[in-house]
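# Structural features, examined
The primary structure of each chain is shown beneath.
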Amino acid sequence: MNSLQHIAISASAGSGKTYQLTNRFIYLLHLAEQPERIIALTFTRTAAGEFFHKIIEKLSDAASDPQTAAQLSAELQIDADAARYHHLLRILISRMHQLNLQTLDSFFFRVVSAFALELGLSGSLNLLDETSEPRLRNEVRDSIVHRPGELNEELHEFWQAFKQATYGHDARKVESIVSDFIEQLYNLYLDAPQATLWGEAARIWPQGCPWTCAQAPDWDQLANSLRAAVPEDFMKSQKNDFESAATKVQNYPVKEELNTLLNNAFAVARDILAGQAILKVRKEIDLPAPLCTALADILKAIVWHHLQRALQNTQGVYRILEAYHQNYDRLVRRPGRLAFADLTHLLSPETLGSPMGVGDSNARELMDFRLDGQFDHWLFDEFQDTSRPQWAVVRNLIDEILQDASGQRSLFYVGDTKQCLYLWRNSDDRLFHDIRAQYTNIIDQQLAESWRSAPAILDAVNASFQDNALIAETFSPDAAQRWANAWKPHTASKATAALSGYACWLEAKKNDSPTRNERILEILTQLNPIERGMSVGVLVRRNKDANEVADYLRENSAFPVHTGSAVKPAEDNAAGAALLAMLRHAAHPSDQLAAGFLQLIDASTGADSLLAATNELRTRLLRDNHESAVRWACQRILTKLTAQDTRHRTRLNQLIEKARAFDSEDSRDLDALYRYLQNSSSGDCAPGDAVIVETIHKSKGLEYDIVILVNEDKGGGPGDRRISALLDSQGKAQWILEPIKKDLMTADPELSRLQAQSESQQDFGNLCTLYVGMTRAKRALYMISDFSRVSKRSSVHYLRQCLGDEADSEGLIWATGDPDWHQSFKAKARKSTPPELPPIHPKFEPAHPRLQLQRPSSDKHTRLKASTLFDYQANAAEFGTQVHDAFEQIAWLEATSPMDPLLHECFANPDIQALFTQPTQAVELWREKAFSYVEGEQFINGVFDRVHIYKDASGKITQAEIIDYKTDRIREGTTITQAAEKHRPQLQAYAKALGKITGLTKEQIQLTLIFTHTSQLQQL
């Protein structure tokens, strides 16, 4: 590493980014012996802690071993022996209190604290954590959204924009959707607070909006004008197309639908507006002037119908955000409670009204002067996640460094723009390259040699991302160019080149076996990672999917499963749940759910009652500080625990620490305390202790021996409907607008720029997400996708172009490496093994053993060969659901009743007809009726497809018949009797359930199967 050169390193995943940063720090420490004049900034506390730990570790190793010292000196190109490293270690430790190894937000907070008065803040400042920030934002939100009698028009437009932005997305709690919507828009407001940027037509079209209609369109008149303008010599089919278009126009205000002709017209809208166009109507025709005029009027009316609403919604949202900003400033920011976004807002010189802006150059110069005199060397980690407003805070300082002629100051920044996962949070991958291009004295380095992944993983990465032409074809040329700026083929380092490994892509079925979750469990069962000492991460795109996968694994396997790598002390254990219930009941004595939960604990354990303790807890919460009250409650819970139960004692201690942190917020709201503790996190789950199921975004910076990557990006969704800004090359907003329909936006030169920008962001973000997910793997990568309803603009479709789209009989699409790699895996010994603890007993002695869930229809009675798991008709599960739905519609067969075509062949069988013919005796009919019962230590549940319950004249149940539908394919050489025997255990369990419900004996219950594949009826 050359001395005091300014260096930008584009470091691919696993190529040693942290290694380069720590080496740079030690190199600078060796040169000047002034660690306090080095500032190293990253984005997470974990990364900052790891950075410090690695520096200490390197210096300690080099100080204690001459050979290690020589090796490190060779890497740094310096002359230093073990004694020298011992000296540097002593300097570092003695000045530890002066070190500046920290997160970007903590550094900004230090600066804001030093200039609090100049920024108009109170003297005592508090940096909000991830739990308290949403609570305060929601309080400000409620002060605006629920303000009675005020902002009525603006609130109406706000809700219109909200519905537009969230249309077609997964349903969640309205409160969380509104909160996310406001948070994203507020960040945009902070970056562009000028009202003239929001929904102003004159800003978007300085020469005048070409779509403006002076008065509300008369849709009937527009349709009739179109009909009248159609020449008589047009073909009949062409006339019909124009008539269809006219009908669509008449109904447009209600249905907002176009036909093919109108879609084609929008594709050549610019020519039509100019008065001369060629339009495809069955064939290409040169539009006569009257017809061109009629179509131009229609296109303008349709666009204006949407555009006028979008402009109004955007302006209304701005006024809501302005009021939100004022309340936020008054209730949160001015009292000194600051979020990370607030720090950037206050310090950025481009923020409207900021004391650091151009309006008050003295304050800005004073800040820059003080900081410039404090630091000589700037190190940035994960630079690709830096936004342009954040860069603006330090830009003057870095400019001084880069123009310094002494050669004694330096800039060093590391990142990987292929790992930009926070584009939605205003990070900008192009900033990394723009800085490098602006300053010619920055040396550019690219690292693509992996010290993490086995060659098989790198083969998968290279096969997936090296075809830039295919990226441009599938996504967009702009996304392809952004990818090409950082891409370099990945190679294995000397440390990983000999590692055995495996990478593959497997197909899963949406409604058939094997499903996504079944694939994941199959892989885990085959590898048995926890027993082998392997770390494993199951990575998905959405939190919803993570919860679904985790629930499935917990229910169907014995693997320890953790949702997310972060520890949730209030939610991942029974002691935390007990504390939450006590707090809930203390705040709301009428809460029967919390009371019932505490009663269960009291009934199944000894010691004092937790339910009775909630009265005293309420008094303590209102009288004392929260930490003291929570500590008192935890002491009550401790009486329910065994002396050896260290895990739950640790969780309770973590919650006490969180309560202490909550005390600093000056809030006496018990519900706020409850939510704070419920959402709190503390530390990370140790790799290898559990199967970690988390989103790809949260996995960034982590690595696993095994990655099971669920890639379900199929595109074709509603797209980004949020109000967004058209940005210039420097990332500044030119104008802001709520998007309208894609076809309409592409018809206008200005709106199409916003559409293209949005698509580029989405496309590049999808590539980054896929890349991050794949590169978390060290030894094995198992990718899982289903191909149902995949659009061409999706990463699943892209991978099909790269890796192929034909699966073999076992669902394998593509593979490389050794599928038996795990046989030679040797787990690394942990550096320090804690003393062995006595066995941990359950925290609350249970009244009975935990019931094991069993479903009679799960077909888990025998072990199957892997090959048999994948030999199913492609849409078998979906077909089975359709058949069950069709049967469910039939109560009793009648000659006039309609019948689903799926059942025609079945009811051609007289025996099946007779079964569905209503008998003369009294009978009660059940269809798709769920049941559950407990037997021994098992909790058994299922669903009866159909049950006939026969009664005598007095109404007493005398007998019953269970009818179950089977869509199994009867294989060649298999008799119907053999096929039926496979289902006997399920039907016997059903009979036992029906017997418990009705009091019938098994001899009084007839078991009948209907095989739809052969239209046969079989009795057991």
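Just so we're clear, the structure is a prediction, and the values are computed from it rather than from any experiment.

Turning to the UniProt feature "binding site: ATP" (unreviewed entry) in the protein chain, a few remarks are in order. The UniProt feature table records "binding site: ATP" (unreviewed entry) at Ala-11, Ser-12, Ala-13, Gly-14, Ser-15, Gly-16, Lys-17 and Thr-18. Ala-11 gets classed as buried once you look at its relative accessible area, which sits at 2%. In contact with Ala-11, not counting residues within four places along its chain, are Lys-17, Val-414, Gly-415, Asp-416, Gln-419 and Leu-447. With respect to the helices, strands and loops of the structure, Ser-15 is situated in the loop between strand S1 (6–11) and helix H1 (17–32). Side-chain polar atoms of Ser-15 contact the backbone oxygen of Ser-12, separated by 2.6 Å.

Our focus in this paragraph is the pattern of salt bridges. Evaluated as defined, the whole model comprises 52 salt bridges. Measuring nitrogen to oxygen at the nearest pair gives 3.1 Å for the salt bridge that ties Glu-382 to Lys-700. Residue Glu-382 is located in the loop between strand S8 (377–380) and helix H18 (388–403), and its partner Lys-700 is located in the loop between helix H32 (696–699) and strand S17 (704–710); the two are separated by 318 residues in the primary sequence. Of the two residues examined, Glu-382 and Lys-700, each falls in the buried class. The network of salt bridges with shared partners includes Arg-388, Asp-428, Asp-429, Arg-430, Asp-434, Asp-478 and Arg-482.

Across all of its chains, the model carries 39 aromatic pairs by this definition. Look at Phe-944 and Tyr-990: their rings are 5.6 Å apart centre to centre, the planes differ by 80°, and that puts the pair in the edge-to-face class. In this pair, Phe-944 is assigned in strand S24 (residues 938–951) and Tyr-990 in helix H39 (residues 984–998), connecting sequence segments 46 residues apart. For the pair Phe-944 and Tyr-990, a shared accessibility class is recorded, and that class is buried. Cluster of aromatic residues (ring-pair linked, three or more members): Phe-107, Phe-108, Phe-340, Phe-375, Trp-378, Phe-380, Phe-383, Trp-391, Tyr-413 and Phe-432. We note Arg-584 situated over the ring of Tyr-674; from NZ or CZ to the ring centre the distance is 5.6 Å. Against the face of Trp-892 rests Arg-946, its NZ or CZ located 5.1 Å from the ring centre.

This next bit is on the packing of helix H5 (residues 104–114) against H18. Packed helices, taken two at a time, are described by the angle their axes make and the gap between the axes. Relative orientation of the contacting elements H5 and H18 amounts to 55°, with a least axis distance of 12 Å. What the angle tells us is that H5 and H18 run oblique. Of the two possible hands of crossing, H5 and H18 adopt the one that is left-handed. Across from Leu-104, Phe-107 and Phe-108 in H5, the residues of H18 making contact are Gln-390, Val-393 and Val-394. Of the residues in the contact of H5 with H18, the class split is five nonpolar, one polar and no charged.

Spatially, S15-S16-S14-S17-S20-S13-S21 is the arrangement adopted by the seven strands of the open sheet, whose pairing is mixed. Each edge of the sheet is formed by a strand with only one pairing partner; in this case those strands are strand S15 (561–563) and strand S21 (812–817). Pairwise comparison of adjacent strand axes, ignoring direction, gives a mean angle of 15° for this sheet. Here strand S14 (residues 536–540) pairs with S17 via four bridges, running parallel. The partner of Val-538 across the bridge, within S17, is Ile-708. Against the sheet, helix H25 (residues 543–556) makes contact with S14, S15 and strand S16 (691–695), and its axis sits at roughly 165° relative to S15, the strand it touches most.

What counts, and at which threshold
- Numbering of residues starts from 1 in every chain and runs along the sequence as written.
- For a predicted model such as this one, the threshold for reporting local features is a pLDDT of at least 70, and the threshold for listing and counting side-chain atom pairs is 80 or more; totals across whole chains, interfaces and linings nevertheless cover every residue.
- Only heavy atoms go into the side-chain values, all of them from the structure, while hydrogens and water stay out.
- UniProt positions are given in the numbering used here, feature names are shortened, and annotations may be inferred rather than shown by experiment.
- Remark: exposure states derive from per-residue accessible area (1.4 Å probe, protein chains only) relative to the maximum for the residue type, with buried under 20%, exposed over 50%, and partly exposed in between.
- Between two residues, a contact is recorded if the distance between any of their heavy atoms is within 4.5 Å.
- Each helix is a run of DSSP H or I of at least 4 residues and each strand a run of E of at least 2, with the numbering of both proceeding from the N terminus.
- Whenever a nitrogen or oxygen atom comes within 3.5 Å of another N or O atom, the pair is scored as a polar contact, on the condition that within protein one atom can donate a hydrogen and the other can accept it, and that pairs from neighbouring residues in sequence are kept only if both atoms are in side chains.
- Criterion for a salt bridge: a side-chain nitrogen of Lys or Arg within 4 Å of a carboxyl oxygen of Asp or Glu.
- Two rings from Phe, Tyr or Trp (for Trp, the six-membered ring) form a pair when their centres sit within 6.5 Å of each other. Planes less than 30 degrees apart are called stacked, planes more than 60 degrees apart edge-to-face, and all others tilted.
- Our definition puts a charge over a ring when NZ of Lys or CZ of Arg is within 6 Å of the ring centre and also within 35 degrees of the ring normal.
- Each axis is a line fitted through C-alpha atoms, taken for helices only over the stretch in contact, and angles between the N-to-C directions span 0 to 180 degrees.
- Note on terminology: angles under 35 degrees are roughly parallel, angles over 145 are roughly antiparallel, angles of 65 to 115 are roughly perpendicular, and the others are oblique.
- It is the rotation of the near helix from the far one that decides the hand of a crossing: anticlockwise by less than a right angle makes it left-handed, clockwise makes it right-handed.
- Residues are grouped as follows: nonpolar covers Ala, Val, Leu, Ile, Met, Phe, Trp, Tyr, Cys and Pro; charged covers Asp, Glu, Lys and Arg; every other residue, Gly included, is treated as polar.
- Whether two strands pair depends on DSSP finding at least two bridges between them.

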